[in-house]
Amino acid sequence: MFKSKTADADVFPVAKSDAEWRAELDPAAYKVLREHGTERPGTSPLNAEKRDGVFHCAGCGTALFEAGTKFESGTGWPSFFAPIEGATATTTDRSFFMTRVEVHCANCGGHLGHVFPDGPQPTGQRYCMNGVSLSFEPKA
Ligand SMILES: [Zn+2]
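So, how was this worked out
- Residues numbered from 1 in each chain as written.
- Predicted model: local features only at pLDDT ≥ 70, side-chain atom pairs only at ≥ 80, totals over all residues.
- Pairing = 2+ DSSP bridges.
- Helix = DSSP H or I, 4+ residues; strand = E, 2+ residues; numbered from the N terminus.
- Axes fitted to C-alpha atoms, helices over the stretch in contact; angles between N-to-C directions.
- UniProt positions renumbered as here; feature names shortened; annotations may be inferred.
- Buried ≥ 20, exposed ≤ 12 C-beta atoms within 10 Å, placed from the backbone.
- Contact = placed C-beta atoms within 7 Å.
- Core = buried A, V, L, I, M, F, W, Y, C linked by C-beta atoms within 7 Å.

Caption draft 1: Layout of the sheet that holds strand β1 (residues 53-57). Read from one edge to the other, the open sheet built from 3 strands follows the order β2-β1-β9, with strand pairing classed as antiparallel. The open sheet has two free edges, formed respectively by β2 (63-66) and β9 (134-138), since each of these has just one partner strand. Across this sheet, the average inter-strand angle for adjacent strands is 30°, counted without regard to direction. By the bridge criterion, 3 bridges tie β1 to β2 in an arrangement that is antiparallel. Of the residues in β2, the one forming a bridge with H56 is A63.

Given below as structure tokens:
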């Protein structure tokens, strides 16, 4: 019997044990990235980030969003209308009696937030992200 590697949806290019993630991430980032937590709105300094640059995954460093796709959604969470191609993946989240589309890092599986179909053009998508799951690198 041969088992297909791609059959296991939980295997990501960056795979670490829970203990490794816990040791590496600060507690707030661990709660969001590994336990699907949600930061309190308005608490992330990245809400006000307006410089040019790139937002990376706080778990594995993958480039996820270009600053040019960020917009002010008024929600209190950093919001983007499009991720860098291939950097994120989605799954359906049915918690809290709602059906939402969960967004995670395609490289490490870390939970980033949700995507909603009420964003601005050109995509009409609103990637509602937890700032704690991102790290910003200003353009040099
Ligand atoms: Zn990642």
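There's more to say after this.
Caption draft 2: Expanded view of the UniProt feature "domain: MsrB" (unreviewed entry) in the protein chain. When the UniProt feature table is mapped onto this chain numbering, "domain: MsrB" (unreviewed entry) sits at residues 18-139. The straight-line gap between the two end C-alpha atoms of residues 18-139 is 33 Å; of that span, 13% is helix and 33% is strand.

Caption draft 3: Helix α2 (residues 27-35), seen in detail. Residues of α2 that are buried include every one of A29, Y30, V32 and L33, and no others. Here the buried face of α2 lies against α1 (18-24) and β7 (111-116). Phi for H36, located one or two positions after α2, is positive at around 60°.

Caption draft 4: Region of the structure containing unusual backbone geometry. Cis geometry is adopted by the peptide bond preceding P122, which originates at Q121 and carries an omega value of 15°. Secondary-structure assignment places P122 in the loop between β7 and β8 (126-129). Of note in this structure, F97 is not a glycine but carries a positive phi near 60°. Within the secondary structure, F97 is located in the loop between β5 (88-93) and β6 (100-105). Judged by the 5 C-beta atoms lying within 10 Å of it, F97 falls in the exposed class.

Caption draft 5: Structural view of the sheet that holds strand β4 (residues 79-80). Spatially, 6 strands are ordered β3-β4-β8-β7-β6-β5 in an open sheet, and the strand pairing comes out antiparallel. Looking along the sheet, the strands with just one partner apiece sit at the ends: β3 (70-71) and β5. Here β5 pairs with β6 via 6 bridges, running antiparallel. Residue pairing across strands places T91 opposite E102, the latter belonging to β6.

Caption draft 6: Examining the nonpolar core more closely. Core analysis: the largest hydrophobic core is formed by 24 residues, its most contacted members being A29, L33, A58, L64, C105, Y127 and M129. Sorting the residues of this core by element identifies α2, β1, β2, β6, β7 and β8 as the ones contributing at least two each. Broken down by element, this core gets its largest block of residues, 4 residues, from α2. With residues near it in sequence (within four places) discarded, L64 still touches F55, H56, C57, P83, I84, A87, T88, C105 and L134.

Caption draft 7: Layout of the pairing of β7. Sheet topology note: the β6/β7 ladder contains 4 bridges and is antiparallel. The residue bridging H104 from the neighbouring strand is H111, located in β7. Two successive antiparallel strands, β6 and β7, enclose a turn made up of 5 residues, where G109 displays a positive phi of approximately 80°. The sheet contact formed by β7 and β8 spans 4 bridges and is antiparallel. Each bridged residue has a counterpart across the sheet, and for V115 the counterpart in β8 is Y127.

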